[in-house]
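The chain contents come next:
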Amino acid sequence: MGWSSWNSFSNTVDSQVIMAQAKAMISTGLHQAGYRYINIDEGWWLGGRDKDGNIVVDPKAWPAIAAGEQAGDMANIVRYIHGLGLKAGIYTDAGLDGCSTVGPDLGPSYPHTGSEGHYEQDFLQFARWGFDYVKVDWCGGDKEHLNAATQYAAIAQAIAKAESATGHRLYFSICNWGNQDPWKWAPGVGGVAADIWRTGGDIVAPIVANTKNADRKAEFKEVLREFEQAQHPEAQHSGFYNDPDMMVVGMAGLTEQQNRAHMSLWAISGGPLLVGADLTKLTVADLTTLTNADVVRIDQDSLGLQSVKVAEPAPGLAVWAKPLSTSGERAVLLLNRTAATAPIAVRWSELGLQDDSPATVRDVWAGSDLGEFPKSYSATVPAQDAVLLLVLGGEGPMTAYFPDEPVRDKAAAPKPPAGESLPFNFSGVVSKFPAARVRIVYSNPDKTPRFAELRIHGQVTTRIAFPSTGGEGSTGMLSIESRLETGGAKNVLTFSAVHDPGPVIQSISLQ
């Protein structure tokens, strides 16, 4: 949760802009709702390096802020942001050049603003400056026809080295716009324990006041497009998240109703809540939308899963549901993409809830508890709008499965060699839902996450980070979503260690 400079300032960003936005995050109360990051996007440096290859920063754009500081040191703005109790983000490109060489939105084109050839040097510098977050774009990588999985893995390893050298964490944001299907390789790429990746393009080109671009408008149809492109629930779990782009709530072009629908779409997706609007110009209505406590709770729910479409009663009408960490609770979005008002109903059985007992329903935007309803609930949804609900009912029954006996080469030792992790195979798994929620009980005695790769019917579907469970014998539980065959079909799920030792998978359960 935070703010990014690109949508409202393009490549005209400097110290004054960032200080004003950081102060506004505090004065508006956004930080009290959970917004923390102040992310500096493209335009913060001009591509210059010194004789040792270190990034050279314009001292006029990034001057000293406090006594004893040196102009041109990005640690100055980081200290300012941290001094307000916020976190700081920075930007680079995976290639040799940044996005300004592809087509600068404002100002001249600056070559060499990418980090290729300087990965370890640049990410160590970001960590030493004190940044907490790094967004890595793909304009240079795309121009050079690089392999995204390879480049971002190398960047992840450079981040790990920087963190090890400094003791300072850099959260990894991958921005290759959905090219080369990042949801298939980005979870845990290069061994990172948490990251996000963009699933599509930009919702809107920057709308920068007092420039040739000031009259641009955001469009709700582009919000819907990015929401649809971000739906890869099998990849989102255990610290890994699909990123549908920074939000345009509060920017020119959307109505208050569309802003609420936009926020609903991002919350049900469980994606990052990064504001793109100028924080100093947000209205009371904008702030009310961005800080709605129920909406933020839905987005930030600790289960960490994404919504899935559970029903489509007619073309343009859909029911999306997101399991939440409270047993029996679901966030439900009734989405109407048509040109006419229409009723949309959701049945408890579609949510994996017991349909022989009532469930309570809360209308999130109305802030109203609507009471108990047997079996289903229906609402009238305006055209191009959505209704966001919280539904609490009885959790449907789960079936537990335990690992098959491992099959090893007869010539091998009867037990695996020390440090080796055998695959954990679960066969005969039956699911009621094509997008099934799978609860995993596991153990990991290490202090750091262990990783496993999940294959379904032999096909790689995702990589999972298993956090520490404490000491030997202790267990933990996490949830993922998997696309499984239904109708009595028996699925085969295999968990294999990415690096030995892997987690010990004790059981899985699903409806």
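Residues numbered from 1 in each chain as written. Predicted model: local features only at pLDDT ≥ 70, side-chain atom pairs only at ≥ 80, totals over all residues. Heavy atoms only, no water.

### Considerations on unusual backbone geometry
With an omega dihedral of -5°, the bond running from Asp500 to Pro501 counts as a cis peptide bond. The topology assignment puts Pro501 in the loop between β23 (491-497) and β24 (504-510). Look at His457: it is not a glycine, yet its phi comes out positive at around 55°. (Helix = DSSP H or I, 4+ residues; strand = E, 2+ residues; numbered from the N terminus.)

### A few points about the side chain of Gln236
With respect to the secondary-structure elements, Gln236 resides in the loop between α7 (220-229) and β7 (240-243). Only 2.9 Å separates the side chain of Gln236 from the backbone nitrogen of Asn242, close enough to count as a polar contact. At a separation of 2.8 Å, a polar atom in the side chain of Gln236 contacts the main-chain carbonyl oxygen of Ser269. Ignoring sequence-local partners within four residues, the contact set of Gln236 consists of Tyr241, Asn242, Ser269, Gly270, Gly304, Leu305 and Gln306. (Polar contact = N/O pair within 3.5 Å; in protein donor to acceptor, adjacent residues only side chain to side chain. Contact = heavy atoms within 4.5 Å.)

### Overview of the packing of helix α4 (residues 119-129) against helix α6 (residues 148-166)
Interaxial distance between α4 and α6 falls to 8 Å at its minimum, and their mutual angle equals 45°. Considered as vectors, α4 and α6 are oriented oblique to each other. Classified by chirality, the crossing of α6 by α4 is right-handed. Of the residues in α6, those touching α4 at Tyr119, Glu120, Phe123, Leu124, Ala127 and Arg128 are Gln151, Ala154, Ile155, Ala158, Ile159, Lys161, Ala162, Ala165 and Thr166. Considered class by class, the residues forming the contact of α4 with α6 number 10 nonpolar, two polar and three charged. (Axes fitted to C-alpha atoms, helices over the stretch in contact; angles between N-to-C directions. Parallel < 35°, antiparallel > 145°, perpendicular 65-115°, else oblique. Left-handed = near helix turned anticlockwise from the far one by under 90°. Nonpolar A, V, L, I, M, F, W, Y, C, P; charged D, E, K, R; others polar.)

### Some points on the sheet that holds β24
Read across the sheet, four strands follow the order β17-β24-β19-β22 without closing on themselves; strand pairing throughout is antiparallel. Looking at which strands have only one partner, the edges of the open sheet turn out to be β17 (399-401) and β22 (476-483). Mean inter-strand twist for the sheet, computed between neighbouring axes without regard to direction, equals 30°. Direction of pairing for strand β19 (residues 435-443) relative to β24: antiparallel, over a ladder of five bridges. Considered in β24, the bridge of Arg439 is made with Ser509. (Pairing = 2+ DSSP bridges.)

### Examining the state of the cysteines
Here a disulfide denotes a covalent bond joining the sulfur atom of one cysteine to the sulfur atom of another. Tallying each qualifying case throughout the model produces one disulfide. Bridging Cys99 to Cys139, the disulfide has an S-S length of 1.9 Å. Judged by the torsion about the S-S bond (90°), the Cys99/Cys139 disulfide is right-handed. Here Cys99, found in the loop between β3 (87-93) and α4, pairs with Cys139, found in helix α5 (residues 139-143); they are 40 residues apart in sequence, far enough to count as distant. Pair check on accessibility: Cys99 and Cys139 agree, each one buried. (Disulfide = S-S within 2.5 Å. Buried < 20%, exposed > 50% of the residue type's maximum accessible area, 1.4 Å probe, protein only.)

### Examining the packing of aromatic side chains
Tallied over the full model, the rule gives 17 aromatic pairs. Judged by centre distance (5.9 Å) and plane angle (85°), the rings of Trp44 and Trp129 are edge-to-face. Of this pair, Trp44 sits in the loop between β2 (37-39) and α3 (75-83) while Trp129 is found in helix α4, placing the two residues 85 residues apart along the sequence. Geometrically, the ring pair formed by Phe227 and Trp320 is edge-to-face, given 5.0 Å between the ring centres and 75° between the ring planes. Of this pair, Phe227 sits in helix α7 while Trp320 sits in strand β10 (residues 317-323), placing them 93 residues apart in sequence. Taken individually, Phe227 and Trp320 each receive the classification buried, so the pair is uniform in this respect. Among the aromatic residues, those joined into a cluster by ring pairs are Trp44, Trp45, Tyr119, Phe123, Phe126, Trp129 and Phe131. (Phe/Tyr/Trp six-rings, centres within 6.5 Å; stacked < 30°, edge-to-face > 60°.)

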